[in-house]
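Listed below are the residues making up each chain.
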Amino acid sequence: MIKEVVVLQKWCWAFTFTFSSDKMLQGRFRLRILSAVLLSLIVIVGWSSVPVAESALGVNWGTVSFHKLKPSTVVDLLQDNKISKVKLFDADPDSLQALMGSGIQVMIGVPNEMLAALSSSTAASDSWVRQNVSRYMRKNGVDIRYIAVGNEPFLSSYSGQFQSYVMPALLNLQQSLAKVNLASYVKLVVPCNADAYESSLPSQGAFRPELTQIMTQLVSFLNSNGSPFVVNIYPFLSLYGSSDFPQDYAFFEGTSHPVTDGSNVYYNAFDGNFDTLVAALSKLGYGQMPIAIGEIGWPTDGAISGNLTAARVFNQGLIKHVLSNKGTPLRPGVPPVDVYLFSLLDEGAKSTLPGNFERHWGIFSFDGQAKYPLNLGLGGRGLKNARKVEYLPSRWCVANPSRDLSDVANHMKLACGVADCTTLTYGGSCNGIGAKGNISYAFNSYYQLQMQNERSCDFDGLGMVTFLDPSIGDCRFLVGVTDTRSSSSSSSQVYRRWVIVWMLIAWRVWFFVM
């Protein structure tokens, strides 16, 4: 390409010289020729420098956890691992405050439950934008690039509950962004679940019939405002939900069960799913619309197919695949514009309705420690752990070996009804530690959740505190971290104590002087 450009440049200059030196070409005619040649040169040079499409990697930062790291610690973790894009599920002020001045590009979210209010009036959307967007977007502020309007609002299990609110909310928010001169910078998107479209082969992809009208409106809006179509793709859920799904097809290492679609052959579920969406968009007349992956990942616990090895193989294969910029059969050389791994941290307080694995998607554990080796392809060779994590003291609550544990069922039910015991279930990393180990794990989970309150390890005398780590193999007995609330509470207590001390000193000085 460079050689051809140089030749064309030489030809253009020769052409220009010849015509400018010809006495027959005078005045405006000569000027027009020169302008045309220069314009051609600019176009040629610009064409030669068009960048190749590249995919950018980010992460989802969820906060539904019993043991929350300080937001500042999480931002440090992102920066240490050179992660420059993060997706939030709300507009949490503590998280946004910590992201101030970080240079990290942020997608904030509007929860589904807020769509009705935002669709009802521009006053509501104006207020939301002021409170959650414009107040943070200033010098050394938060670099908010996207607003996710709802989270999978077209999910079939919602039975259309949020469907009618999406477009009015989008239109109102767009107007509100325009009022504060942010409409061209902050893009509105709607993360969709992959069940929004369907087909037996990728080339036959189409949106669900009941969504055709609203999807036509949505993609038209996205296209007119320069926003990508955001989709969440989970090959793990396909494998988890069907015993007939070929396991190797879920990964990126090749498969013995490729899908042949005309002249195209699919060797992994991601490419097949992605191209099904491409075909669905094409049917609406938007086959070239940019696509971003809002969520994709693999859990490390809570299911037979959810384990450390599988998660490492999947995520490393995904990263290598998307960063190679190879694209897919229907979009060769055009990868997703953004890919957000799900997720950064485990979230031990999430609902287990989808499955016990739901609390274990993090590439880091709840305390910011890397679970397995992973190269994010962002300049670092491996994951770096969170720094300055404030742990509770190194002590655990376990079953008292000197007591009869035959009547422990109700205590187990209490502990696991409040704390997270999903690793004890079938397929979990702690499933094989025996009955007494199960009891100890449940007791300790509850004990740490109660910030190691001494009485929370009583269980009618069946529990006892130990200073020896009871972890067994891959089954880790956690020690809690001091979250932001407890830290701020502790800080305020220290502050009050110092105020009292200084007041006493001042009173004594005043007493003796007087």
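Residues numbered from 1 in each chain as written. Predicted model: local features only at pLDDT ≥ 70, side-chain atom pairs only at ≥ 80, totals over all residues. Heavy atoms only, no water.

The contact between helix α6 (residues 122–134) and helix α7 (residues 163–179) brings their axes to 8 Å, and the two run at 55°. The angle between α6 and α7 falls in the class oblique. Crossing hand, α6 versus α7: right-handed. In this structure, α6 contributes Thr122, Ser125, Asp126, Trp128, Val129 and Val133 to the contact, and α7 contributes Asn172, Leu173, Gln175, Ser176, Leu177 and Lys179. Of the residues in the contact of α6 with α7, the class split is 5 nonpolar, 5 polar and 2 charged. (Axes fitted to C-alpha atoms, helices over the stretch in contact; angles between N-to-C directions. Helix = DSSP H or I, 4+ residues; strand = E, 2+ residues; numbered from the N terminus. Parallel < 35°, antiparallel > 145°, perpendicular 65-115°, else oblique. Left-handed = near helix turned anticlockwise from the far one by under 90°. Contact = heavy atoms within 4.5 Å. Nonpolar A, V, L, I, M, F, W, Y, C, P; charged D, E, K, R; others polar.)

Moving on to helix α13 (residues 434–449). Between its first and last C-alpha atoms α13 spans 23 Å; for 16 residues at 1.5 Å apiece the expected length is 22 Å, and the two agree. Most of α13 sits inside the fold, with 12 of its 16 residues counted as buried. What α13 keeps buried is the set Gly437, Ile439, Ser440, Tyr441, Ala442, Phe443, Asn444, Ser445, Tyr446, Tyr447, Gln448 and Leu449. Phi turns positive one or two residues past the end of α13, at Met451, with a value near 55°. (Expected span 1.5 Å × (residues − 1). Buried < 20%, exposed > 50% of the residue type's maximum accessible area, 1.4 Å probe, protein only.)

Okay, the layout of surface pockets next. Looking at the largest pocket, its volume works out to about 1200 Å³. Around the largest pocket sit 44 residues that line it, and Asn151, Glu152, Tyr158, Glu295 and Glu358 are the ones nearest its centre. Estimated volume of the second largest pocket: approximately 700 Å³. Looking at the second largest pocket, it is lined by 29 residues, and the ones nearest its centre are Asp301, Asp346, His360, Thr423 and Arg476. Tallied by class, the residues present in the lining of the second largest pocket amount to 8 nonpolar, 14 polar and 7 charged. (1 Å grid on protein atoms, 1.4 Å probe; cavity = no way out; pocket = protein on both sides within 12 Å on 5 of 7 lines; lining within 4 Å. Points joined across faces, edges and corners; volume = space filled by probe spheres on them.)

On the surface, Asp404, Asp407, Asp458 and Asp460 cluster together into a patch of negative charge. The residue Asp404 is located in the loop between β16 (396–399) and α12 (409–418) in this model. (Patch = residues over 30% accessible without salt bridge, like charges linked within 9 Å, V, L, I, M, F, W, Y side chains within 5 Å. Areas by Shrake-Rupley, 256 points an atom, 1.4 Å probe, with all protein chains shown as cover. Salt bridge = Lys/Arg side-chain N within 4 Å of Asp/Glu carboxyl O. Lys, Arg positive; Asp, Glu negative; His and termini not counted. Charge placed at Lys NZ, Arg CZ, Asp CG, Glu CD.)

Turning our eyes to something else, we now look at the environment of Gln288. Among the structural elements, Gln288 can be located in the loop between α10 (269–283) and β12 (291–296). What makes Gln288 exposed here is its relative accessible area of 74%. Spatially, the C-alpha atom of Gln288 lies 9.8 Å from that of Asn223, the residues being 65 residues apart in sequence.

The omega torsion of the bond from Phe342 to Ser343 falls at 0°, within 30 degrees of zero and hence cis. Position of Ser343 relative to the elements: it lies in the loop between β15 (338–341) and β16. Its identity is not glycine, yet Asn140 carries a phi of approximately 60°, on the positive side. Among the secondary structure elements, Asn140 is positioned in the loop between α6 and β4 (143–149). We classify Asn140 as exposed; its relative accessible area is 59%. In this model, Asp460 sits at a positive phi of 55°, which is unusual for a non-glycine residue. Along the chain, Asp460 falls in the loop between α13 and β17 (463–466).

Quick look at the packing of aromatic side chains now. With the rule as written, the count across this model stands at 23 aromatic pairs. Between Tyr158 and Phe162, the ring centres sit 5.2 Å apart and the planes meet at 90°, which makes this aromatic pair edge-to-face. With relative accessibility at 8%, the residue Phe162 sits in the buried group. Ring geometry for Phe236 against Phe357: centres 4.9 Å apart, planes inclined by 75°, an arrangement best described as edge-to-face. Taken together, the residues span a long stretch of sequence, with Phe236 in helix α9 (residues 235–241) and Phe357 in the loop between β15 and β16 at a distance of 121 residues. Comparing Phe236 with Phe357, the two get one shared label, buried. (Phe/Tyr/Trp six-rings, centres within 6.5 Å; stacked < 30°, edge-to-face > 60°.)

Position of Asn315 relative to the elements: it lies in helix α11 (residues 308–323). Owing to a relative accessible area of 1%, Asn315 belongs among the buried residues under this scheme. Within polar-contact distance, the side chain of Asn315 engages the side chain of Tyr372 at 2.9 Å. (Polar contact = N/O pair within 3.5 Å; in protein donor to acceptor, adjacent residues only side chain to side chain.)

So, on to the sheet that holds strand β2 (residues 85–88). Read across the sheet, 9 strands follow the order β5-β4-β3-β2-β1-β15-β12-β9-β6 without closing on themselves; strand pairing throughout is parallel. Two strands in the sheet have a free side with no partner beyond their single neighbour: β5 (187–189) and β6 (192–193). Against the sheet, α10 contacts β9 (229–232) and β12, and its axis sits at roughly 140° relative to β12. (Pairing = 2+ DSSP bridges.)

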